[in-house]
Amino acid sequence: MHSITELLQQLVYGLSLGSIYALIALGYTMVYGIVKLINFAHGDVMMVGAYMGWIAITVFHFSFFPAILFAMIVAAIAGIIIERTAYKPLRNATRIAALITAIGVSLFLEYGGMLVVGAQMRTYPNVFPETMYNIGGIIFKFGDIVMLVTALVLMLLLHFTVQYTKIGKAMRASSFDMEAALLMGVNVNTTISATFAIGSALAAAAGVLYGIYFNSIDPLMGITPGLKAFVAAVLGGIGIIPGAMVGGLVLGITESLVSGFGASTWRDAVAFLILILVLIIKPSGLFGKNLREKV
């Protein structure tokens, strides 16, 4: 009975962590779905969002929801600027050129962040009451509920935006065939900028949640979760939005189970082991389909 309770406890932790990975993975998968670019600077956009949330709470004394909204707006603007200045000029260049640029943007954000805010680690303020709940031996905090609900609401809003709004239809059209969408009157440049803005806003929300979850932030904090979110996107099927959500949750639960049952030093290794296995067994991911390509 004790082992079942411990398993359920780790599932609660895993859902909270997995929802953060899912939010970051959505940005990866949206951008790749349209411009076929792996935006390795995405984890560092999450870091920017985490710092914006920290500033909103500590300097402007915002509560949780205004702080996360502020961080999302700033990160969305940063995402548009990055896309317009770094990626748009290389849209017709080779993929390796865009990939190298993404790594360059990542390093710029990391070490630019050190110059602006300093290299030291900062403690994230506690924005939730310390209310604890115990249901059948499973313990969770009030903050865990708010974080999970926030992530789920943002995912549902993204689903609604992509499926039922004009910009969402433009995103789907551009993802399917960019040239045809252009001929049909879709403003592809605006659509790509909107995709970067939405993905960056979701990453910022993940950054605020990540800061609250781990209680600390620093300018290099985006590297590991960014790479893990990329693993989650590949696991679900890169370019497929539901796949990114499921991949993030699966990865978070897997990490939590590995940590909870005495192998916490292996949690990072397990994430990348999953990536290797997916690439060997089913490269298209859980939700992807293998496409035949004529030579």
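Data block above holds the structure.
Presented here is a report on the structure given in the accompanying data block. Predicted model, so just to flag it, every value in this text is computed and none were measured. (Residues numbered from 1 in each chain as written. Predicted model: local features only at pLDDT ≥ 70, side-chain atom pairs only at ≥ 80, totals over all residues. Heavy atoms only, no water.)

1. Structural notes on the packing of aromatic side chains
Now for step 1: Per the stated rule, a full pass over the model turns up 13 aromatic pairs.
Now for step 2: With centroids separated by 5.8 Å and ring planes inclined at 85°, the aromatic side chains of Phe60 and Phe70 adopt a geometry described as edge-to-face. You can see Phe60 sitting in the loop between helix H2 (42-58) and helix H3 (64-87) and its partner Phe70 sitting in helix H3, a full ten residues away along the chain.
Now for step 3: Judged by its relative accessible area of 43%, Phe60 falls in the partly exposed class.
Now for step 4: On the basis of an interplanar angle of 40° and a centroid distance of 5.5 Å, the ring pair of Phe160 and Tyr164 is categorised as tilted. In this pair, Phe160 and Tyr164 are both assigned in helix H5 (residues 142-164), four residues apart and thus about one turn of the helix distant.
Now for step 5: Among the aromatic residues, those joined into a ring-pair cluster are Phe64, Phe65, Phe128 and Phe142.
Now for step 6: Sitting over the face of the ring of Tyr32, Lys36 holds its NZ or CZ atom 5.7 Å from the ring centroid. (Phe/Tyr/Trp six-rings, centres within 6.5 Å; stacked < 30°, edge-to-face > 60°. Helix = DSSP H or I, 4+ residues; strand = E, 2+ residues; numbered from the N terminus. Buried < 20%, exposed > 50% of the residue type's maximum accessible area, 1.4 Å probe, protein only. Lys NZ or Arg CZ within 6 Å of the ring centre and 35° of its normal.)

2. Describing the pairing of strand E2 (residues 132-135)
Now for step 1: Taken together, the four bridges between E2 and strand E3 (residues 138-141) define a ladder with antiparallel strand orientation. By the bridge assignment for E3, Tyr133 is matched with Phe140.
Now for step 2: Hairpin geometry of E2 and E3 is characterised by an intervening segment of two residues between the two adjacent antiparallel strands and by a positive phi of about 60° at Gly136. (Pairing = 2+ DSSP bridges.)

3. A word on the side chain of Gln10
Now for step 1: Its location among the elements puts Gln10 in helix H1 (residues 2-35).
Now for step 2: At 2.9 Å, the side chain of Gln10 forms a polar contact with the side chain of Glu6. (Polar contact = N/O pair within 3.5 Å; in protein donor to acceptor, adjacent residues only side chain to side chain.)

4. So, the environment of Ile198
Now for step 1: By the secondary structure assignment, Ile198 is in helix H8 (residues 188-214).
Now for step 2: Under the relative-accessibility criterion, Ile198 is labelled partly exposed at 22%.
Now for step 3: Put simply, Ile198 and Thr85 are 113 residues apart on the chain and 17 Å apart in space, counted from C-alpha to C-alpha.
Now for step 4: The residues touching Ile198, leaving out its near neighbours within four places in the chain, are Met30, Leu158, Thr161 and Met171. (Contact = heavy atoms within 4.5 Å.)

5. A word on H5
Now for step 1: Here H5 spans 33 Å end to end across 23 residues, near enough to the 33 Å set by a 1.5 Å rise per residue.
Now for step 2: Of all the residues in H5, the buried ones are Gly143, Asp144, Val146, Met147, Thr150, Ala151, Leu154, Met155, Leu158 and Val162. (Expected span 1.5 Å × (residues − 1).)

6. Observations regarding unusual backbone geometry
Now for step 1: One non-glycine residue, Lys36, adopts positive backbone phi at about 55°.
Now for step 2: Note that Lys36 resides in the loop between H1 and H2.
Now for step 3: In the Ramachandran plot, Asn215 falls in the positive-phi region, its phi being about 70° despite a non-glycine side chain.
Now for step 4: By secondary structure assignment, the location of Asn215 is in the loop between H8 and strand E4 (216-217).

7. Quick notes on the pattern of salt bridges
Now for step 1: One pass over the full model with this rule turns up five salt bridges.
Now for step 2: The partner of Arg91 in a salt bridge is Glu83, and the shortest N-O contact between them spans 2.4 Å.
Now for step 3: The partly exposed category is assigned to Arg91, whose relative accessible area is 26%.
Now for step 4: Close ionic contact of Asp268 with Lys228 constitutes a salt bridge, the shortest N to O distance being 2.4 Å. Separated by 40 residues along the polypeptide, Asp268 in helix H11 (residues 267-281) and Lys228 in helix H9 (residues 223-236) bring together distant segments of the chain.
Now for step 5: Overall, Lys228 belongs to the buried group, its relative accessible area being 3%.
Now for step 6: It is possible to trace a salt-bridge network through shared partners that takes in Lys228, Glu255, Arg267 and Asp268. (Salt bridge = Lys/Arg side-chain N within 4 Å of Asp/Glu carboxyl O.)

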